[in-house]
Amino acid sequence: MRGPIRLGALYRALLRISLLDQIQYRVSGAIWMIGAILEPLVFLVVWGTVAENQGGSVAGYEAGDFAAYYISMLVVNHLTFSWIMHTFQYRVQYGDLAYELLRPVHPIHNDVCANLAYKTIMLVILVPAVALLVIGFDPRFHWVAWSLATFLPALALAFATRFLIEWSLALASFWTTRILALNQLYFMFLMFLSGRIAPMDVFPGWLQSLAMALPFYWIIAFPVDLLLGRAAPAEAVRGLMVLSVWALVAALLLRMVWARASRRFTAVGA
Amino acid sequence: MSDPAIRVRGLAKTYQVPVRGAGLREALRSLVRRETRPVEAVRSIDFDVAPGEVVGFLGPNGAGKTTSLKMLSGLLHPSGGEARVLGYEPFRRDNDFLRRITLVMGQRNQLVWDIPVIDSFDRNRAIYELPAERYRRALDELTELLELGDLLPKPVRNLSLGERMKCEVAVSLLHAPDVLFLDEPTIGLDVTMQRRIREFLREHNRRTGASILLTSHYMADIEALCPRVVVIHHGRILFDGPRADLVARFSTDKTLIVDVADPEADLSAYGTLVAKDGGRSTLRVAKQDTPEVTSRILADQSVLDLTVEDPSIEDVIDRVFQDAAAPEASPSESSG
C-alpha cells in the first residue's frame, strides 16, 4: 500500500506532465468541449420550448428550471466524465499498455491525472460558457446552503464511481478488439438513466426506479439535484450513502476485472 | 559463485490461436464452435545469464525471441517451466522487481509524444520515486554518454528516429535497472546511430555491471556487445555459448581471397568461386581442405596476395537457420 505522501508526490508529478500534455491538445480539447456544451444546450432549448407550449411547465419544471437544470448538468457532466472507454482498446492493440504494465505503479493513476488535467484546462471554456448560458437563459436556481455543502463530496464520489466503472468496462478490450458495441450500449443507458436527456421527474415511475437501482442516476443526476436544492436533507444523506456503496462496488469490480484482465493479457500478449 | 541474474528452466509458451476456414459456412460454424490451434512459440528452453553478462539472443522472425523477452520481463505468463530474474518470478510483476528491470522495444514508444523529452524523464523520476540527487546524477551521466543535451528540451514528435531511440534508451535506464531486456534497440537506425547506441550500451554495462539480454537482427550489434550468444529457432535453443564457438561450430567453410598477376586466371577448380574482380578471386573451400588448397594455389599460380578468412557471423547464423529449417520441410511434414 502506497503511503499518502508518496501517492501525493506521484500525483503532483503526473498532474504536471498531464497538464503539459493536455495544453498541447488544447485545440482538439476545446472542440470536444464545445460538443459537450452543445448537448445540454440543445436539451435546454427543447425542454424550455415544450414547457412554454404546455402552459408553462412540464413535471413541475418551468423554462427557468430547465435552464438551471441543464447548466448544472453541463458542469456535473464535465467534472465526472471520462474518455477511457473510447481509448483503452488502442492502448491494448498498439502495445502502449505493455510499457504501463512494466512500471511499478497502476496505470489508472496516470489516467486520473490526465482526466483531471483536461478538466482543469477546459475550465477556461466552461466558466465563460456557463456565464453566457446564465445571461442568455435566465435560469432559476434555488440554492440551499446545506445542499450545496453536500454537493462537493457527492461530486467527488460520483467522479470516482463513474471513473472506476468506465475503467472496468474499458477492460473488455482485453477480451475483444471490438468493444464499440459495448460502449454504445453503456452510453445509451447513461444517456437515458442519468438525467442527461431529461430530469428524472419527467420519466415514468418505473424508469425512475430503474435509474435509482443502477448507478446511473447517482453518478450524474444526483449531484445536479443537490446543486439545485431539489433533494430533501434525508434524501441527500441517503444519496451520499448510496454513492459511497457504488464507489466501493466499482472499486471492487475494477480490482476483480483488472486481476483477470492482466492475467489474460499475460496469457495472450500484445 | 553468485546466483545468476536470469535463470530459465524448461520455459515454454504456447499461444491458442483462433482458426477458421474460408467462406460463409465456416464463418457461421465459428459462431457456434470457436476453434483454436496451439502454437508453440517457445518450447522448453534453458539458460542462465550471470550478473553483468551481456548475452545476444538470436533467431529469425518468429523464432520466439520477443516472446521469451516478454516472459522474462513479466509481460507474458509462461505456459510451462520456470523463469527467475533477480530472484523474482517475472509474471507476478512485483513492484520491487519492476524497479530493477527495464524493457526497451525498438519499435515501440514510451516517451510522451507531444511534450519535451525532459518532461517524460521527469515522469519516470516520479514513477520510480528517484531521489533528486540520484535522478540528477543519472540524468547527467546519460546526457553525457548519449549526447542528449540538445534533445532534452525538444518535443518527442520533433526528434528523428535515431534521436528518439537515444532518448528511449535513456528514459529506460534512469532508474538504474540491474537487468536490461533490449528487443531490437537499433532497428531502423542508420549505421552511425547504431554504433552510437552500441558504444553506449557497452559503456553502460562496464560502468554499472547491469546484465543485458539483447535481441537484434544486426550482427554488428552482436559482435560489438555480446561475448556470448544464445541462438533460438522454432522456439528451441540451437546454440548457447561463446560467440567465437558459434562460428567454429557451424562454419564448415573458409573464405580464400586470392590476388594473382593474371586477370584472366580461372581459379574455380580450387573451390567454389564466390566472386571475381580482375585478378582477385574469392573462393569458398571446405575447412579441412583449406591447407591443401592453399598450398596448391601457391604452387600453381603466381600469387600476389592470399588471405584466409572465417565466414562472417551473419553467414554462419544464416547457415544455422537454414540447417535447422531443413528437417521442417521434410516430405512427411509438407505432406501432412
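None of the values given here were measured: they were computed from a predicted structure.

Enquirer: Lay out the overall build of chain B in plain terms, naming residues and giving numbers.
Expert: Helices and strands together make up the secondary structure of chain B, namely 12 helices and 13 strands. In terms of principal-axis extent, the alpha carbons of chain B reach across some 75 × 60 × 50 Å. Within chain B, buried positions represent 46% of all 336 residues. Pairs at least 24 residues apart make up 71% of the contacts formed inside chain B by residues separated by at least 6 positions. With 44 positive and 51 negative side-chain charges, chain B shows a separation of 8 Å between the mean positions of the two kinds.

Enquirer: How would you sum up the overall build of chain A? Please name residues and give values.
Expert: Along chain A, the regular secondary structure elements total 12 helices and two strands. The order of helices and strands in chain A, counted from the N terminus, is α-α-β-β-α-α-α-α-α-α-α-α-α-α. For the C-alpha atoms alone, the extent of chain A along its principal axes is close to 60 × 40 × 40 Å. Going through the 270 residues of chain A one by one, you find that 50% of them count as buried. Per element, the accessible surface of chain A, about 12,700 Å² overall, is 71% carbon and sulfur.

Enquirer: I'd like a description of the pairing of strand β9 (residues 236-242) of chain B, backed by residues and values.
Expert: All names here are of chain B. Pairing analysis gives six bridges linking strand β8 (residues 228-233) to β9, with the strands arranged antiparallel. Residue pairing in the sheet places Val231 in a bridge with Phe239 of β9. Counting the residues in the hairpin turn of β8 and β9 gives two residues, including His234, whose phi is positive at 50 degrees.

Enquirer: So what's going on with the pairing of strand β12 (residues 280-286) of chain B? Which residues, and what values?
Expert: All names here are of chain B. The sheet contact formed by strand β10 (residues 253-260) and β12 spans seven bridges and is antiparallel. Looking at β12, one finds that Val258 is bridged to Ser281. As paired elements, strand β11 (residues 272-277) and β12 share five bridges and run antiparallel to each other. Counterpart to Asp277 in the pairing with β12 is Arg280. Between β11 and the antiparallel strand that follows it, β12, lie two residues; Gly278 among them carries a positive phi value of about 65 degrees.

Enquirer: Give a description of the interface of chain B and chain A that names residues and reports values.
Expert: Taken residue by residue, the interface counts 31 residues in chain B and 28 residues in chain A. Taken together, the two surfaces of chain B and chain A that pack against each other cover about 2,700 Å², and 55% of this comes from carbon and sulfur. Sorting the residues of chain B by area buried against chain A places Leu75, Arg123 and Ile127 of chain B first, and these three jointly supply 21% of that buried surface. If you look at where chain B meets chain A, you find three salt bridges. For Arg16 of chain A, the salt bridge identified is with Asp119 of chain B, shortest N-O distance 3.1 Å. Counting across the chain B and chain A interface gives seven residue pairs in polar contact (both at pLDDT 80 or more). Counting residues per element, the ones that place at least two in the side of chain B that touches chain A are β1 (6-19), α2 (65-73), α3 (95-98), β5 (101-105) and α4 (117-127) of chain B. Sort the elements by how many residues they give to the side of chain B that touches chain A and α4 of chain B lands first, with seven residues. Class assignment for the residues of the side of chain B that touches chain A results in 12 nonpolar, seven polar and 12 charged.

Enquirer: Tell me what's going on with the domain arrangement of chain B, and back it up with residues and numbers.
Expert: Partitioning chain B into domains gives domain 1 (6-248) and domain 2 (252-309). Look at where the C-alpha atoms of domain 1 of chain B and domain 2 of chain B centre, and you get two points 43 Å apart.

Enquirer: So what about the side chain of Ser281 of chain B? Which residues, and what values?
Expert: One can find Ser281 of chain B in strand β12. Among residues more than four places away in sequence, those in contact with Ser281 of chain B are Leu256, Ile257, Val258, Leu267, Leu273, Ala275 and Lys276 of chain B.

Enquirer: Kindly report on the packing of aromatic side chains, identifying the contributing residues and their values.
Expert: Residues and elements named next belong to chain A. Counted according to the given criterion, the structure contains 23 aromatic pairs over all chains. Grouping aromatic residues by their ring pairs yields a cluster made of Phe43, Trp47, Tyr61, Phe66, Tyr69 and Tyr70. Between the NZ or CZ atom of Arg230 and the centre of the ring of Tyr61, over which it lies, the distance is 3.8 Å.

Enquirer: Tell me about a negative patch on the surface, and name the residues and values.
Expert: Residues and elements named next belong to chain B. Together, Glu223, Glu314, Asp315 and Asp318 make up a negatively charged patch on the protein surface. At three residues, helix α11 (residues 313-328) tops the list of elements feeding residues into the negative patch. Tracing the sequence through the fold places Glu314 in helix α11. By relative accessible area, Glu314 is classed as partly exposed at 47%.

Enquirer: Describe the sheet that holds strand β13 (residues 303-309) of chain B, with residues and values.
Expert: Residue and element names in this part refer to chain B. Read from one edge of the open sheet, four strands run β11-β12-β10-β13, paired in antiparallel fashion. Whereas interior strands pair on both sides, the edge strands pair on one side only; in this sheet they are β11 and β13. The sheet shows a mean angle of 20 degrees between the axes of neighbouring strands, direction not considered.

Enquirer: Report on the nonpolar core, specifying residues and quantitative values.
Expert: One finds Ile6, Leu72, Phe181 and Leu213 of chain B to be the most contacted residues of the largest nonpolar core, which totals 108 residues. In this structure Phe181 of chain B touches Ile6, Leu69, Leu72, Ser73, Val85, Ile101, Thr102, Leu103, Val104 and Leu213 of chain B, once residues within four positions along its chain are discounted.

Conventions adopted
Residues numbered from 1 in each chain as written. Chains lettered and ligands numbered in written order. Predicted model: local features only at pLDDT ≥ 70, side-chain atom pairs only at ≥ 80, totals over all residues. Heavy atoms only, no water. Helix = DSSP H or I, 4+ residues; strand = E, 2+ residues; numbered from the N terminus. Buried < 20%, exposed > 50% of the residue type's maximum accessible area, 1.4 Å probe, protein only. Contact = heavy atoms within 4.5 Å. Lys, Arg positive; Asp, Glu negative; His and termini not counted. Charge placed at Lys NZ, Arg CZ, Asp CG, Glu CD. Areas by Shrake-Rupley, 256 points an atom, 1.4 Å probe, with all protein chains shown as cover. Pairing = 2+ DSSP bridges. Buried area = accessible area lost by both parts, 1.4 Å probe. Salt bridge = Lys/Arg side-chain N within 4 Å of Asp/Glu carboxyl O. Polar contact = N/O pair within 3.5 Å; in protein donor to acceptor, adjacent residues only side chain to side chain. Nonpolar A, V, L, I, M, F, W, Y, C, P; charged D, E, K, R; others polar. Domains from an automatic or database assignment. Phe/Tyr/Trp six-rings, centres within 6.5 Å; stacked < 30°, edge-to-face > 60°. Lys NZ or Arg CZ within 6 Å of the ring centre and 35° of its normal. Patch = residues over 30% accessible without salt bridge, like charges linked within 9 Å, V, L, I, M, F, W, Y side chains within 5 Å. Axes fitted to C-alpha atoms, helices over the stretch in contact; angles between N-to-C directions. Core = buried A, V, L, I, M, F, W, Y, C linked by side-chain atoms within 4.5 Å.

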